[in-house]
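A look at the structure
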Amino acid sequence: MNISYEDAGVSIDNGNAFVEAIKPIVKETFNENVLGGIGSFSGAFAMPQGFKNPVMLAATDGVGTKLRLAIDAQNFTTIGEDLVAMCVNDLVCNFATPLFFLDYYASAKLEVENAKKVVMGIANGCKKAKCALIGGETAEMPGMYHTGDFDLAGFSVGMAEKDEIDRRSFVKNGDILLALPSSGLHSNGYSLARKVLFEAQKLKFDDKIGEKILIDILLEPTRIYVKDFLKLKPYINALAHITGGGLVENLPRIFPQGIGAVIRKHHLKTHEIFYQIGQSVEENEMYRSFNMGVGMVIVANPTNVDKILENSDAYIIGEVVLNEGIILE
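Residues numbered from 1 in each chain as written. Predicted model: local features only at pLDDT ≥ 70, side-chain atom pairs only at ≥ 80, totals over all residues. Heavy atoms only, no water.

Observations concerning helix α5 (residues 190-200)
For clarity, the threshold we go by: Only protein chains enter the accessibility calculation, which uses a 1.4 Å probe; a residue is then buried when its area is under 20% of its type maximum, exposed when over 50%, and partly exposed in between. In this description a helix means any DSSP run of H or I spanning at least four residues, a strand means any run of E spanning at least two, and both kinds are numbered starting from the N terminus. Picture the helix axis, draw a direction to every C-beta atom, and the arc is the one those directions span. The contact criterion used throughout is that any non-hydrogen atoms of two residues lie within 4.5 Å.
If you check which residues of α5 are buried, you get Tyr 190, Ala 193, Val 196 and Leu 197. Projected down its long axis, α5 shows its buried positions confined to an angular sector of 135°, all on one face. Those residues of α5 that are buried are in contact with α2 (66-73), α6 (214-218) and α9 (272-278). Just downstream of α5, Lys 202 is the residue with a positive phi angle, here 55°.

Spelled out as structure tokens, the structure:
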């Protein structure tokens, strides 16, 4: 008896069909620096001009257990956007302009239509981040994943000026902290959120929190801050992407020794979903696990604050002080 690859659970034909289906979607993200098309052994991207002392930066991430919710809800339209956001939002914190993106999609069995929706989300994210989707990998691995499950990983490369990468030297006592709002939980804290909302509080996907359905709130895509960064760059001393660890653990990453911050909690524009989760979680744990409505923190000289306020939806949440650590008051 002869056994084929398909008998083992892997369909080469499905893989080929998927590549053909996504070619026009991916091509929409291309710019003049993309060399070649989809289907080669690697993606090629020409070095952009205009940098004096360019340095390449790279970031990789996934979407955590937010993916579990997307699979359970069978809603795959925006999870790819989350994947892009988690990578490019890190790059801009080192003053890097995102150039291109690659993705990795692994499943028990490739469901072409579902995977296509994921790639459409990735392409939408790349457009918002002004970067090109130049490659990816799809793997069918029966025995590694349960039927219907898949996993995602993203990889992004950007370029920055060498002397602009480390922002700690630009942060000074008396600088002002401004928040760029998050769109919700983004892609962090979902293991805790799922345990609280669906196990402790016994809520259902179609329950309402305020005016919105719970699953829609939870699957709201992570905001991409690349355009904000490019517009506001001249006025920014430093940027902190508020991901796992929240404000208290991400802000110190951009502060020099001896510098800390005071944040006024009552200034934060915190979404209702955080208050719902907070009914079952201590406040300190909330601030260590979630962004609490703040997706990105801008550190700026007081003389630049008005320019930032005029050109974005940022708002003031505190200031830099001569005291290590983050004080929430």
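Considerations on the environment of Leu 133
Mapped onto the fold, Leu 133 is located in strand β5 (residues 132-140). For the pair Leu 133 and Tyr 225, spaced 92 residues apart in the sequence, the C-alpha separation amounts to 18 Å. Apart from the residues lying within four places of it in its own chain, the contact partners of Leu 133 are Val 26, Thr 29, Phe 30, Ile 38, Phe 101, Leu 102, Asp 103, Val 119, Ile 122 and Cys 126.

Comments concerning the UniProt feature "domain: PurM-like N-terminal" (unreviewed entry) in the protein
Rules: UniProt positions are given in the numbering used here, feature names are shortened, and annotations may be inferred rather than shown by experiment.
The UniProt record annotates "domain: PurM-like N-terminal" (unreviewed entry) at residues 56-159. As annotated, residues 56-159 has a helix share of 38% and a strand share of 35%, and its two end C-alpha atoms lie 5 Å apart.

So, the side chain of Asp 228
Note the cut-off: Identification of polar contacts relies on pairs of N or O atoms within 3.5 Å, with a donor-acceptor requirement for protein atoms, meaning one able to donate a hydrogen and the other able to accept it, and with residues adjacent in sequence counted only if both atoms are side-chain atoms.
When you line up the elements, Asp 228 lands in helix α7 (residues 226-232). Polar side-chain contacts of Asp 228 include one of 3.4 Å to the side chain of Arg 223. For Asp 228, the residues in contact, after removing those within four places along its chain, are Leu 180 and Arg 223.

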